[in-house]
Amino acid sequence: MPEAMQAWEVRDGRLDLHTVEKPEAGGDTSVVRVVSAGVCASDVAKLTKEVIPTPPGQPWRPGHEIVGYAADAYGRERPVAINTLVPCGACDRCRAGEINVCPHLRLIGWALPGGFAPFVEVPRAGVVSLPDGLDDSVAVLADPMAVAVHGIRCGLGPPAGRLGVIGGGALGVASAAYAAARGWRTDVLVRDTSRLASVAGILDATIRPLGSVRPGEYDAIVDAAGGKDDTAFVAALDAVRDGGRIVVQTTYHPGVRLTRDLREPIRRGLTVVGSFTFCRKGGDDFRLGLDFLAGHSDWAKPYAGHRYPLDGLPQALDDLCSRRPDRPVKAVLGIG
């Protein structure tokens, strides 16, 4: 009889802890014992809906920021992070390294079962050993770090002056940290600077109120905020100089429309780049992100410090959505 485990799944629009079969490794898959699973902003947006969406025809087992242990052929475990992108590997985009826009792309934690569970089955190609010296509590930020690397490396290109990063979540701060290390003079632009007090003296970037920005002050802007309306993108339009560049690094909610005249970015000669997840074109963003975390982890520690047990997911979601001054900037399920 197969072993059982407890896992969070969405069935019929409702999130519950269910008893499911423990996965078994297949010919090209590994089973990872999950130690930490991050709860990201996209999880919060979906899992707090009154009726939670699911992929067509199946339950949804969320969790795509996954760190754990994978066994080798001799049963020896090594610490790993999971690259949750599962491209087809055969199309033109995959051959070019642009796996993030593969037309057949699947995501662990959405189309494939995710890591809000003690064990998860993943393709072997997505099991990435942690660099020496990288603690698993920080490695749980590998996914947002890879998204940040992709946006800065592929979306912005070589450093060219002043950069403003809109958004104080893990993605925004990771983007600022990576951009500063690459030579951009970087500011993090947020509504409430007190939320980033824990990283203010660590991050090699200035934290500023978004409302203090002068029109056209920056050569480039990274929009790492997104949201339910176009407020962050409009702020990016105001903050960037004519001829500058905006990288939109996060996904806006469905149905968001631009309230500004479309003529404006065209007349001003702006370059607007959409940056979705991460790629392998000219470099592996996921591995680059892990290596960066291994060498620059101080800023990341406050984002990995709020840990909850597996059955504490509802509390984690409540805390992330609260308006308390001491609410966590990020939540991590400590499972193993």
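Look up a bit, the structure's there.
Only a predicted model underlies this, so the values are computations on that prediction, with no experimental measurement involved.

> Can you break down the packing of helix H4 (residues 142–156) against helix H8 (residues 285–295) residue by residue, with the values?
One way to put it is that H4 packs onto H8 with a least axis distance of 8 Å and a crossing angle of 110 degrees. In terms of orientation, H4 and H8 fall into the roughly perpendicular class. Contacts between H4 and H8 pair Ala142, Asp143, Met145, Ala146, Val149, His150 and Arg153 from the former with Asp285, Phe286, Leu288, Gly289, Leu290, Phe292 and Leu293 from the latter. Looking at the contact of H4 with H8 residue by residue, the classes come out as 9 nonpolar, 2 polar and 3 charged.

> Got a sec to walk through the layout of surface pockets? Specific residues and values, please.
Taken as a whole, the second largest pocket spans an internal volume of roughly 200 Å³. Lining of the second largest pocket is provided by 15 residues; of these, Thr29, Leu112, Pro113, Glu121 and Val122 occupy positions nearest its centre. When residues of the lining of the second largest pocket are assigned to their parent elements, the largest contribution, 5 residues, is made by strand S8 (residues 119–123). Classifying every residue of the lining of the second largest pocket by side-chain character gives 9 nonpolar, 1 polar and 5 charged.

> Explain helix H6 (residues 231–239) residue by residue, including any values.
At 3.6 residues per turn, the α-helix brings residues three or four places apart onto the same side. Of all 9 residues making up H6, 7 are buried, and the element is well covered by its neighbours. Residues of H6 that are buried include every one of Ala232, Phe233, Val234, Ala235, Ala236, Leu237 and Ala239, and no others.

> Lay out the sheet that holds strand S12 (residues 206–209) with the relevant residues and their values.
Reading across from one edge, S12-S11-S10-S13-S14-S15 is the order of the 6 strands in this open sheet, with parallel pairing throughout. Each edge of the sheet is formed by a strand with only one pairing partner; in this case those strands are S12 and strand S15 (271–274). Neighbour-to-neighbour, the strand axes of this sheet turn through a mean angle of 25 degrees, independent of strand direction. Examined bridge by bridge, strand S14 (residues 240–248) and S15 share 4 bridges and lie parallel to one another.

> Please provide a residue-by-residue account of the packing of aromatic side chains, values included.
Summed over the entire model, instances satisfying the criterion amount to 4 aromatic pairs. Lys46 extends its terminal NZ or CZ atom over the ring of Trp110, reaching a point 5.4 Å from the ring centre.

> How would you explain the pairing of S14 if you had to name every residue and give the values?
Here 5 bridges tie strand S13 (residues 218–223) to S14, and the two strands are oriented parallel to one another. Bridge pairing links Asp223 to Val248 in S14. Chirality of the crossover, the property in question, places the unit of S13, H6 and S14 among those that are right-handed.

> Describe the pattern of salt bridges, listing the residues and the values that go with them.
Evaluation of the coordinates by the stated rule reveals 23 salt bridges. Among the ionic pairs, Glu98 bridges to Arg93, the shortest N-O distance being 2.5 Å. Asp285 serves as the salt-bridge partner of Arg153, at 2.8 Å between the closest nitrogen and oxygen. Note that Arg153 is positioned in helix H4 and Asp285 in helix H8, a separation of 132 residues in sequence. Judged by its relative accessible area of 15%, Arg153 is buried. When its relative accessible area of 0% is taken as the criterion, Asp285 is described as buried. The network of salt bridges with shared partners includes Arg162, Asp187, Arg208, Arg214 and Glu217.

Each value, and the rule that gives it
- Residues numbered from 1 in each chain as written.
- Predicted model: local features only at pLDDT ≥ 70, side-chain atom pairs only at ≥ 80, totals over all residues.
- Heavy atoms only, no water.
- Axes fitted to C-alpha atoms, helices over the stretch in contact; angles between N-to-C directions.
- Helix = DSSP H or I, 4+ residues; strand = E, 2+ residues; numbered from the N terminus.
- Parallel < 35°, antiparallel > 145°, perpendicular 65-115°, else oblique.
- Contact = heavy atoms within 4.5 Å.
- Nonpolar A, V, L, I, M, F, W, Y, C, P; charged D, E, K, R; others polar.
- 1 Å grid on protein atoms, 1.4 Å probe; cavity = no way out; pocket = protein on both sides within 12 Å on 5 of 7 lines; lining within 4 Å.
- Points joined across faces, edges and corners; volume = space filled by probe spheres on them.
- Buried < 20%, exposed > 50% of the residue type's maximum accessible area, 1.4 Å probe, protein only.
- Pairing = 2+ DSSP bridges.
- Phe/Tyr/Trp six-rings, centres within 6.5 Å; stacked < 30°, edge-to-face > 60°.
- Lys NZ or Arg CZ within 6 Å of the ring centre and 35° of its normal.
- Right-handed = clockwise from strand over helix to strand, strands pointing away.
- Salt bridge = Lys/Arg side-chain N within 4 Å of Asp/Glu carboxyl O.

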